[in-house]
Amino acid sequence: MDNGSWELICRKDVPPGRALVRLIWVYKRKRNGSLKARLCVQGCAQVPGVDYEQTFCATMRATSLRTL
């Protein structure tokens, strides 16, 4: 919330005819035994142009791929 990427709202503030998008926590155990947690949106419930305008996809440089 400090970086402005999302804001917390109450259920009563959701406009009529709209639904809240569900969130899930995804956990991954790293090689050193520590855990990594990510908060993810269930994208199958989103409608383009209504729930979001932009998407982001992390990509890899071709030079990085060749070193793997």
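Residues numbered from 1 in each chain as written. Predicted model: local features only at pLDDT ≥ 70, side-chain atom pairs only at ≥ 80, totals over all residues. Heavy atoms only, no water.

Observations concerning the overall build of the protein chain
Counting secondary structure elements, the protein chain contains 1 helix and 2 strands. Counting every position in the protein chain, which comprises 68 residues, the buried fraction comes to 1%. Pairs at least 24 apart in sequence give 11% of the contacts found in the protein chain among residues at least 6 apart. (Helix = DSSP H or I, 4+ residues; strand = E, 2+ residues; numbered from the N terminus. Buried < 20%, exposed > 50% of the residue type's maximum accessible area, 1.4 Å probe, protein only. Contact = heavy atoms within 4.5 Å.)

Details of the confidence of the model for the protein chain
Summarising the model, the protein chain shows a mean pLDDT of 77, and 75% of its residues fall at 70 or more. Mean pLDDT across the secondary structure elements of the protein chain bottoms out at helix 1 (residues 62–67), with 65, and peaks at strand 1 (residues 23–29), with 88. (pLDDT = per-residue confidence, 0-100.)

Concerning the pairing of strand 2 (residues 35–41)
For strand 1 and strand 2, the ladder comprises 7 bridges, and the chain directions are antiparallel. Considered in strand 2, the bridge of Lys-28 is made with Lys-36. The antiparallel pairing of strand 1 with strand 2 creates a hairpin that spans 5 residues between the two strands, and Gly-33 there sits at a positive phi of about 95°. (Pairing = 2+ DSSP bridges.)

Topic: the environment of Val-26
If you trace the backbone, Val-26 turns up in strand 1. Of the residues examined, Val-26 reaches a relative accessible area of 27% and is grouped as partly exposed. The spacing of Val-26 and Arg-38 is 12 residues in sequence and 5.2 Å in space, taken between C-alpha atoms. Ignoring sequence-local partners within four residues, the contact set of Val-26 consists of Lys-36, Ala-37, Arg-38 and Cys-40.

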